[in-house]
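The residues making up each chain are set out below.
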Amino acid sequence: MKFTQSFIEALESLMANKMRSSLTMLGIIIGVAAVIAMLALGTGAQDSIIGEIEGIGTNLLFIRTDTENVLNPKPLMLTDAESLDDPLNAPDVKAVAASVGGAAEVSFSGESSVVTVLGVTPDYSTVQNMVIAEGEVITDIHLAGQASVAILGANVAEDLFGRTHGVIGESVRISGQPFRVIGVLVSEGGTDFGSADDQVLVPLTTAQVRIHPQDTRGEVDTIYVSAASSETVQDAITQVSSILRDRHNNEIGAEDFSIMSQQSMVDMMSSITGILTIFLGGVAGISLLVGGIGIMNIMLVSVVERTREIGLRKAMGARRMDILSQFLVESSLLSVIGGGLGIVFGWVISAVVGQIATASDFALNPVIGLDAVLMATLFSGAVGIFFGLYPANRAASLEPVEALRTD
Amino acid sequence: MNNTTVVAAKNLTKVYKMGEMEVHALRGLNAEIQRGEVVSIMGPSGSGKSTLMNMLGCLDRPTSGEYYLDGESVADMDDDQLADIRNRKVGFVFQGFNLLPRSTAITNVELPLRYGNANNGRSRREAAIEALNSVGLGDRLDHRPNELSGGQQQRVAIARALVNNPSIIMADEPTGNLDSKSGEEIMDLLLNLNKERGTTLIIVTHDPEIAELTQRVINIRDGVVEAKL
């Protein structure tokens, strides 16, 4: 029997039971759509997170306390940060900054919001590539005088004042204490991952004394080191670790601090989001499996219903393979059409979710890769054949005499 | 057996196992049918009549014995070979017509050609039209079974049985589901086809009036051919 013939015949047979065929297909549509949407959103989230990390700057190193390797870790101090600004022992270090911080309430005439308030050193805005929209940056004088001055992120200014300009000189309250606004940062837009738009910067010393008094011993949370260029990042890491090991009396491999480069953060985040994507895709894959079982179920019913037709076809000379392929073509047609619709549907879902995410300030560009589409197509086709095989085999094995006798 | 013998059954037995019990449906049956004959097979229910029809139509294999259809030994063929010989040498006409309900008359008639080999689409359609013309349904090519009367449906079934130019046409109670007028027309048609085309006809029936229209009656009782009176 020719392939086009069995194709047309299978279509006719599916059309004869429109309701049943479309419901069966719905299982596959939902399954494939879920897989496509999950992979697209996962990949999109991965791209946007990695994009943000890369946007921080390729030369940046983060140094944090690491309690894993040592029994009595020494905390990172402001003096540690200052020691790294050493042209002799650390020639590849261009700039050093440090920060402490945490959530604090910021308020202005009744408006208030809880944001990240970071105490920073003057070079913080340099290493983070921050641009001041208006006003001035935090200086050594502010630091020395524990000045009550603050630089607002764009979103914070917007929330408190309803505008991002003309707020210099206003007084806001941070954790109940008055601070004078000396600058507003240019909006970075769209980003959410540690975005400066939602932060308030104050002098490190002021933060230690007034906002986060538990840190008054001169400890800092993070030291930022900017390497001279992306090529010298590795050298800078070596120099920084050597200086800090000396200061903390650490053995090699038993440091009480960890240095993360932007590349290692990218690697870490992409492996996390990668696992997440696979997990989501796997969960969605289960619904595709359920859809496949739906196909098997309906094909089994169809075989029973058409026993007499099968008997007739056998009497007319249909071989085992003819009957087998007839039912296989039908089941794979169901799943391939369902798979095609599912791809479209999944694309729509991911586009809508992407729009919603973007509208709520999380830049998410769903990525539907050719590989995901190919995989979904192949997989749904395989589901159709796999779950069609048993019913088709059952049909093909019917004895013509028995089949003809059935009513 | 000579070259005019189309059906030759020798010592056919068929044993069905029903759980522990063995049912002997055929007990060493012998029969010969010549080319161009019109034969009816009669017998009470349980006589082995249906079993014999299944054997002669190559729908089933005998437990033992030999069966030659148009010179080919059928008894030890496998399923696909049986399918092939049914396709080439046997045309079936059933009591309940057994047409594909969603397909047009012409598609139904094309069905056996589809499972045969070496047929291109064009000659297939032509053969189907010719077969439908010969049963007087040349103007009903694109009608579906539910748009045709019972007699017309049975004509489509006969056209389908004819279309491969089979060696025998097996008709199982062909008039059983029809009113007497349509039944007569169908019998006339079958007998005419025999006259005009020399088609060998085997009609399974329990209606003596039908049997009377045939040239020879084979009476089956207890799995063997009843001795002629």
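Residues numbered from 1 in each chain as written. Chains lettered and ligands numbered in written order. Predicted model: local features only at pLDDT ≥ 70, side-chain atom pairs only at ≥ 80, totals over all residues.

### What about the overall build of chain B?
Counting its regular elements, chain B contains seven helices and 10 strands. Taking 229 residues into account, the globule formula puts the C-alpha radius of gyration at 17 Å, and chain B, at 17 Å, falls close to it. Considered along the principal axes of its C-alpha atoms, chain B spans approximately 50 × 40 × 40 Å. Relative to its 229 residues, chain B shows a buried fraction of 45%. Within chain B, counting contacts between residues at least 6 apart in sequence, those at least 24 apart form 70% of the total. (Helix = DSSP H or I, 4+ residues; strand = E, 2+ residues; numbered from the N terminus. Rg over C-alpha atoms; globule rule 2.2 N^0.38 Å. Buried ≥ 20, exposed ≤ 12 C-beta atoms within 10 Å, placed from the backbone. Contact = placed C-beta atoms within 7 Å.)

### Thoughts on the pairing of strand E7 (residues 177-185) of chain A
Residue and element names in this part refer to chain A. Sheet topology note: the strand E4 (residues 132-135)/E7 ladder contains three bridges and is antiparallel. If you follow glycine 135 over to E7, its bridge partner there is glycine 183. Here four bridges tie strand E5 (residues 149-152) to E7, and the two strands are oriented parallel to one another. Paired with alanine 150 across the two strands is valine 181, which belongs to E7. When strand E6 (residues 171-174) meets E7, the two strands line up antiparallel, connected through four bridges. Considered in E7, the bridge of isoleucine 174 is made with glutamine 177. (Pairing = 2+ DSSP bridges.)

### Notes on the interface of chain A and chain B
Many structure descriptions define interface size as the accessible area lost when the parts assemble. At the junction of the two partners, chain A supplies 16 residues and chain B supplies 18 residues. Only helix H1 (3-16), helix H10 (307-315), helix H11 (320-359) and helix H13 (400-405) of chain A provide two or more residues apiece to the side of chain A that touches chain B. Counting residues per element, the side of chain A that touches chain B draws most heavily on H10(A), which supplies four residues. A class-by-class count of the residues in the side of chain A that touches chain B yields eight nonpolar, two polar and six charged. (Nonpolar A, V, L, I, M, F, W, Y, C, P; charged D, E, K, R; others polar.)

### With respect to the packing of helix H9 (residues 262-305) of chain A against H11(A)
Residues and elements named next belong to chain A. Following both chains from N to C, one finds H9 and H11 inclined at 145 degrees, their axes separated by 11 Å at the closest point. The interaxial crossing formed by H9 with H11 has right-handed handedness. Two secondary-structure elements touch here, H9 through Ile295, Met299 and Val303 and H11 through Phe327, Ser331, Leu334 and Ser335. By residue class, the composition of the contact of H9 with H11 is five nonpolar, two polar and no charged. (Axes fitted to C-alpha atoms, helices over the stretch in contact; angles between N-to-C directions. Left-handed = near helix turned anticlockwise from the far one by under 90°.)

### As for the confidence of the model for chain B
Residue and element names in this part refer to chain B. In the predicted model, chain B carries a mean pLDDT of 90, and the fraction of residues at 70 or more is 95%. Element-level pLDDT for chain B is lowest in helix H4 (residues 121-134), with a mean of 86, against a maximum mean of 95 in helix H5 (residues 150-162). As a predicted assembly, this complex carries a pTM of 0.72 together with an ipTM value of 0.92. (pLDDT = per-residue confidence, 0-100.)

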